[in-house]
Amino acid sequence: MSLRLNPTFRDQLTRSDRTLYGGWICSGSPVAAEIMAGAGLDWLLIDMEHAPNGLESTLAQLYAVSGYASTPVVRVPAGDTVIVKQVLDLGAQNILVPMISTPEEAKAVAAMTRYPPVGVRGVGSALARSARWNRVDGYLQNDAAHISVFVQIETVEGVANARAIAETPGVDGVFVGPSDLAASMGLLGQQTHPDVVAAVKRAFAGIAAAGKPIGVNAFDPVAARDYAEAGARFILVGADVALLARASEKLAETYIASTDKVPRASY
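My aim in this report is to walk through the structure given alongside it, one point at a time. (Residues numbered from 1 in each chain as written. Predicted model: local features only at pLDDT ≥ 70, side-chain atom pairs only at ≥ 80, totals over all residues. Heavy atoms only, no water.)

### Observations regarding the pairing of strand β8 (residues 234–239)
This is how the line gets drawn: To sort residues, take the accessible area from a 1.4 Å probe on protein chains only and compare it with the maximum for the residue type: under 20% means buried, over 50% means exposed, and anything in between is partly exposed. Runs of E in the DSSP output that reach at least two residues are strands. Runs of H or I that reach at least four are helices, and both are numbered from the N terminus. Whether two strands pair comes down to DSSP finding at least two bridges between them. Throughout, right-handed denotes a crossover for which the path from the first strand over the helix to the second runs clockwise when the strands point away from the viewer.
Of all six residues in β8, five are buried; the element is thus mostly enclosed. Judged from the three bridges that link them, strand β7 (residues 214–217) and β8 form a sheet pairing that is parallel. Bridged to Asn217 within β8 is Leu236. With helix α11 (residues 221–229) bridging β7 and the parallel β8, this β-α-β connection has right-handed handedness.

Below, the structure is given as structure tokens:
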């Protein structure tokens, strides 16, 4: 029996003529992941960096969303060779690696996703879901066709190096994280501060000059639309836990008198 894997997120971005909007899955719950997958969003970010996710729960979420049209991307907790290998072997076809600030770091990440002699990925596809236990013909020889690799710029240094990072062979796109970038600029919690927005757009310019798709996180609809107009091709616009938090607060407010009228930001 020979099986064919789904197109990668890189392929989806290439053939789309519009910005792709995604949802962040931070709960660690396959039930929440499936609910998000059926919502009609273009893509989903299964997060291992800021969520209670290990290999088993990430695998469960990949299973949960596999019957839906939304494309899953897994954010690994760090650019670590062993972690990247394990997540790819789970069958994740699209990964996002956080905190990349230099082209050297981006080059190392790209190498983690490719088999020798191009890269350093360990060979275990016959034992893993990645190649469907050797049911995907030519998986080893065509590894680059089955995987897309995205890196995340989140520091002032990363903004300065945006073009060089995006030009790194094996990097298929770059995602800009305004929250950690704001912190890097001494503006913690001020993702929509004009200086932060300007820095995000400087990163956009460098990534665009390299001809790579640009991604960004923007839960504020005004910011999301502004970034789309500035060239963002894939945008995270909400998260499962944030949707639940804000909706449950609204429910309580509807029925229970409270002196707490402070609006809560989702991200």
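There's more to say after this.
### Quick notes on the nonpolar core
What counts is decided by this rule: Think of a nonpolar core as a cluster: buried Ala, Val, Leu, Ile, Met, Phe, Trp, Tyr and Cys residues, connected wherever their side-chain atoms sit within 4.5 Å. Two residues form a contact once any of their heavy atoms are found within 4.5 Å.
Judged by nonpolar contacts, the single largest core of 57 residues is most densely connected at Val174, Val200, Phe204, Val216 and Tyr227. Per-element tally for this core: the top contributor is helix α10 (residues 194–209), with seven residues. Phe204 has contacts with Val176, Ile214, Gly215, Val216, Tyr227, Ala230 and Ala232, leaving out every residue within four places of it along the chain. Trp24, Val73, Phe175 and Phe234 belong to the second-largest nonpolar core, a separate cluster that totals 17 residues.

### Here's the deal with the side chain of Gln191
Short version of the rule: The definition of a polar contact used here is a pair of N or O atoms within 3.5 Å, where within protein one atom must be able to donate a hydrogen and the other to accept one, and adjacent residues in sequence count solely through side-chain atom pairs.
Note that Gln191 resides in the loop between α9 (178–184) and α10. Within the structure, the side chain of Gln191 is placed 2.9 Å from the side chain of Ser179, a separation counted as a polar contact. The residues touching Gln191, leaving out its near neighbours within four places in the chain, are Pro178, Ser179, Ala182, Val196, Val197, Tyr227 and Tyr267.

### Comments concerning the sheet that holds β7
To be explicit about the condition: An axis is simply a line fitted to the C-alpha atoms; with a helix, the fit covers only the stretch in contact. Between two such axes, the angle follows the N-to-C directions and lies from 0 to 180 degrees.
Pairing is parallel around the closed barrel formed by eight strands, whose spatial order is β1-β2-β3-β4-β5-β6-β7-β8. Neighbouring strand axes in the sheet, compared pairwise and without regard to direction, differ in orientation by 30° on average. Bridging between strand β6 (residues 173–176) and β7 involves three bridges; their strand directions are parallel. By the bridge assignment, Phe175 is partnered in β7 with Gly215.

### Description of helix α3 (residues 55–65)
For the record, the criterion: Arc, as used here, means the arc of the directions from the helix axis to the C-beta atoms.
Within the span of α3, buried status applies to Ser57, Thr58, Gln61, Leu62, Ala64 and Val65. Down the axis of α3, the buried side of the element spans an arc of 160°, and every buried residue falls inside it.

### Some remarks on α11
Of all the positions in α11, only Ala223, Ala224 and Tyr227 are classed as buried. Looking straight down α11, one finds that the buried residues subtend no more than 100° of arc, so they occupy a single side. Those residues of α11 that are exposed and angled more than 90 degrees off the buried face are Val222, Arg225 and Glu229. Considering only its buried residues, α11 is in contact with α10, β7 and β8. At the exit of α11 stands Gly231, carrying a positive phi of roughly 120°.

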